[in-house]
Amino acid sequence: GPKVLQIPSHQIIDMGQMVTLNCDPVSNHLYFYWYKQILGQQMEFLVNFYNGKVMEKSKLFKDQFSVERPDGSYFTLKIQPTALEDSAVYFCASSLRLGGDTGQLYFGEGSKLTVL
Amino acid sequence: GDQVEQSPSALSLHEGTDSALRCNFTTTMRSVQWFRQNSRGSLISLFYLASGTKENGRLKSAFDSKERRYSTLHIRDAQLEDSGTYFCAADGSSSFSKLVFGQGTSLSVVP
């Protein structure tokens, strides 16, 4: 089936540094998402993105977070500066449409971020 | 905001038995997805439903088409490889799709 690729699969950085998580969504998809999962806990919505803009974000999407997808390349999540509580697995997802029969979200394998 | 209540939080099944997981929604949802997360943390999509029921092998899912306030996942003839954490996630946003996840059901299938 359709695949969402995430790079890197694991990143370890020192607190205060910048990190960029990359997502290669399903090729014809138009909507993009980031979710955060702290070990053993539920998945939490961070942000969704369409047509070059953030459409909706949660309280977890702090000012230090930003997303972009320049010229149809990777959909990225940047955290600058990082904090200890940012340690988590970040999942990227994409969908063709919103809701209906083609509204299914496809998730990547996750990028595990460890902030020391 | 939209809430998803998933039950049970943990479940232990003997091989060959049947069971069901359930998600209740505090508001009407447009669609529901069910996932299994394996021990490596990968999310495997099991079903996406905008209405009705879907079946795949020993798994069957239903989404209450009338009030759209709950969904179920039935596991028939449980096997060891079914072990993992199962999540339901629903989309109740009126404008933009935002899946809200349940807390998960940790399923352990034992011989």
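Just so you know, these numbers come straight off a predicted model, no measurement behind them.

**Here we look at the interface of chain B and chain A**
Right, on to step 1. The interface is formed by 22 residues belonging to chain B together with 20 residues belonging to chain A.
Right, on to step 2. Taken over both partners, the interface formed by chain B and chain A buries close to 1800 Å², and the fraction arising from carbon and sulfur atoms is 56%.
Right, on to step 3. If you look at where chain B meets chain A, you find 1 salt bridge.
Right, on to step 4. For Glu56 of chain A, the salt bridge goes to Lys98 of chain B, with nearest N and O atoms at 3.2 Å.
Right, on to step 5. Only β4 (31–37), β5 (43–49), β9 (84–91) and β10 (99–101) of chain B provide two or more residues apiece to the side of chain B that touches chain A.
Right, on to step 6. The residue makeup of the side of chain B that touches chain A, split by class, is 8 nonpolar, 10 polar and 4 charged.

**Comments concerning the confidence of the model for chain A**
Right, on to step 1. For chain A, per-residue confidence averages 93 on the pLDDT scale, and 100% of positions sit at 70 or higher.
Right, on to step 2. At the low end of the mean pLDDT range in chain A sits strand β6 (residues 53–57) of chain A, at 93; at the high end sits strand β8 (residues 75–79) of chain A, at 98.

**Focus: the packing of aromatic side chains**
Residue and element names in this part refer to chain B.
Right, on to step 1. Evaluated as defined, the whole model comprises 13 aromatic pairs over all chains.
Right, on to step 2. Note on Phe35 and Phe101: the rings are 5.6 Å apart at their centroids and 25° apart in plane angle, and the pair reads as stacked. Separated by 66 residues along the polypeptide, Phe35 in strand β4 and Phe101 in strand β10 bring together distant segments of the chain.
Right, on to step 3. Under the relative-accessibility criterion, Phe35 is labelled buried at 1%.
Right, on to step 4. Above the face of the Tyr70 ring, Arg22 is positioned so that its terminal group lies 4.0 Å from the ring centre.

What counts as what
- The written sequence of each chain sets the order in which its residues are numbered from 1.
- Whichever chain is written first becomes A and whichever ligand is written first becomes 1, with later ones labelled in order.
- In keeping with the model being predicted, local features are shown solely for residues with a pLDDT of at least 70 and side-chain atom pairs are shown and tallied solely at 80 or more, while totals for entire chains, interfaces and linings include all residues.
- As a rule here, side-chain values come from all non-hydrogen atoms in the structure, and water together with hydrogens is ignored.
- Whether two residues are in contact is decided by their heavy atoms, any of which lying within 4.5 Å being enough.
- Joining two parts hides part of their accessible area as seen by a 1.4 Å probe, and the buried area is that hidden amount summed over both.
- The term salt bridge refers to a pairing of a side-chain nitrogen on Lys or Arg with a carboxyl oxygen on Asp or Glu at a separation within 4 Å.
- Helix and strand definitions follow DSSP, with helices as H or I runs of at least four residues and strands as E runs of at least two, each counted in order from the N terminus.
- Each residue is assigned to one class: nonpolar for Ala, Val, Leu, Ile, Met, Phe, Trp, Tyr, Cys and Pro, charged for Asp, Glu, Lys and Arg, and polar for all the others, Gly among them.
- For every residue, the predictor reports its confidence as pLDDT, a number between 0 and 100.
- Here the aromatic set is Phe, Tyr and Trp, taking the six-membered ring for Trp, and pairing holds for ring centres within 6.5 Å; pairs whose planes are under 30 degrees apart are stacked, those over 60 apart are edge-to-face, and all others are tilted.
- Only protein chains enter the calculation, and the probe is 1.4 Å; a residue is then buried if its accessible area is under 20% of its type maximum, exposed if over 50%, and partly exposed in between.
- We call a charge positioned over a ring when the NZ of a Lys or the CZ of an Arg lies within 6 Å of the ring centre and within 35 degrees of the ring normal.

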